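The chain contents come next:
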Amino acid sequence: MKETILLFNAPDKEKLLKIEMALFPLRLRLKRIQKEDYNQPLGFLAGMKDIAPAEGTFSGDELPGTMFVFCFLSDSRLNQALAALRRCGAGPFPYKAILTPTNSAWTAPDCFAELKKEHEALHPGE
C-alpha cells in the first residue's frame, strides 16, 4: 500500500501550505478528507481493498480540531513525517493516529473521540 496521510478538518490555507511543503520532500501522499466522507471507515479512505465503503454521506458537525491518520508508514518514515510536521510551524497538532487493524473500521468521529479521550488523560487541564 502507498504511504498515505489522511488529513481531516484541514487548517487554513496558510497552515495547510506549510504542511504540504514540509511533507513534499518525503514524497508522502497527503489526502484531504472532505466532511461528507467522515462516515467512511478509515481503512477504506486509506485505500485498503478489504474494507467496504459505508453508504450515504456524513451530515454531522465538523471535527473540533485537525486530525492526521498515518497509513502504511514504517517507523522511520513516521518519525520523519512527525519531525517535518513539528518543524513546519503550522501546529501543534495533538490529534494524530496510526492506521491499525483495530481502527481501520472506525469513522473519523470515532477516531477523533478516542484521540481526544487519550489526549485529555495524558494532559489533564489543558
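This section reports on the structure supplied with the text. What you see is a predicted model; the values in this text were computed from it and never measured.

**Describing helix H3 (residues 75-87)**
Link 1 in the chain: Between its first and last C-alpha, H3 extends 18 Å over 13 residues, near the 18 Å set by a 1.5 Å rise per residue.
Link 2 in the chain: Listed as buried for H3 are Arg77, Leu78, Ala81, Leu82, Ala83, Ala84 and Leu85.
Link 3 in the chain: Among the residues trailing H3, Gly89 stands out with phi positive, at a value near 80°.

**So, the environment of Asn39**
Link 1 in the chain: Positionally, Asn39 belongs in the loop between strand E2 (29-33) and helix H2 (42-46).
Link 2 in the chain: A relative accessible area of 16% places Asn39 in the buried class.
Link 3 in the chain: Taking C-alpha positions, Asn39 is 9.0 Å from Pro53, a pair spaced 14 residues apart along the chain.
Link 4 in the chain: Setting aside chain neighbours within four positions, we find Asn39 in contact with Ala54, Glu55, Gly56, Thr57, Phe58 and Thr107.

**Details of the nonpolar core**
The nonpolar side chains of a soluble globular protein tend to be buried with one another.
Link 1 in the chain: Counting 21 residues, the largest nonpolar core has Leu6, Phe8, Met67 and Val69 as the members making the most contacts within it.
Link 2 in the chain: For this core, the elements supplying multiple residues, two or more each, are strand E1 (4-8), H2, strand E3 (67-71), strand E4 (95-98) and helix H4 (108-122).
Link 3 in the chain: When residues of this core are assigned to their parent elements, the largest contribution, four residues, is made by H4.
Link 4 in the chain: Leaving out residues up to four positions away in the same chain, Phe8 has contacts with Ile33, Tyr38, Leu42, Leu45, Leu63, Gly65, Thr66, Met67, Val69 and Ala108.
Link 5 in the chain: By size, the runner-up hydrophobic cluster in this structure holds 19 residues, among which are Leu16, Leu73, Ala84 and Leu85.

**Things to note about helix H1 (residues 13-23)**
Link 1 in the chain: Every buried residue of H1 is accounted for by Leu16, Ile19, Ala22 and Leu23. With its buried residues spanning 125° around the axis, H1 presents them on a single face. Along H1, exposed side chains directed more than 90 degrees from the buried face belong to Lys13, Glu14 and Met21.
Link 2 in the chain: Contact partners of the buried residues in H1: E1, E2, E3 and H3.
Link 3 in the chain: At the N-terminal end of H1, a side-chain oxygen is found 3.1 Å from the backbone nitrogen of Glu14, two or three residues along, and the residue is Asp12.

**Section: the packing of aromatic side chains**
Link 1 in the chain: Counted by the stated rule, this structure contains five aromatic pairs.
Link 2 in the chain: Here Tyr38 and Phe58 contribute two aromatic rings whose centre-to-centre distance is 5.6 Å and whose plane-to-plane angle is 45°, an arrangement assigned as tilted. Highlighted residues: Tyr38 in the loop between E2 and H2 and Phe58 in the loop between H2 and E3, separated in sequence by 20 residues.
Link 3 in the chain: Tyr38 gets classed as buried once you look at its relative accessible area, which sits at 1%.
Link 4 in the chain: Three or more aromatic residues joined by ring pairs form one cluster here, namely Phe8, Tyr38 and Phe58.

Conventions used here
Residues numbered from 1 in each chain as written. Predicted model: local features only at pLDDT ≥ 70, side-chain atom pairs only at ≥ 80, totals over all residues. Heavy atoms only, no water. Helix = DSSP H or I, 4+ residues; strand = E, 2+ residues; numbered from the N terminus. Expected span 1.5 Å × (residues − 1). Buried < 20%, exposed > 50% of the residue type's maximum accessible area, 1.4 Å probe, protein only. Contact = heavy atoms within 4.5 Å. Core = buried A, V, L, I, M, F, W, Y, C linked by side-chain atoms within 4.5 Å. Arc of directions from axis to C-beta. Polar contact = N/O pair within 3.5 Å; in protein donor to acceptor, adjacent residues only side chain to side chain. Phe/Tyr/Trp six-rings, centres within 6.5 Å; stacked < 30°, edge-to-face > 60°.

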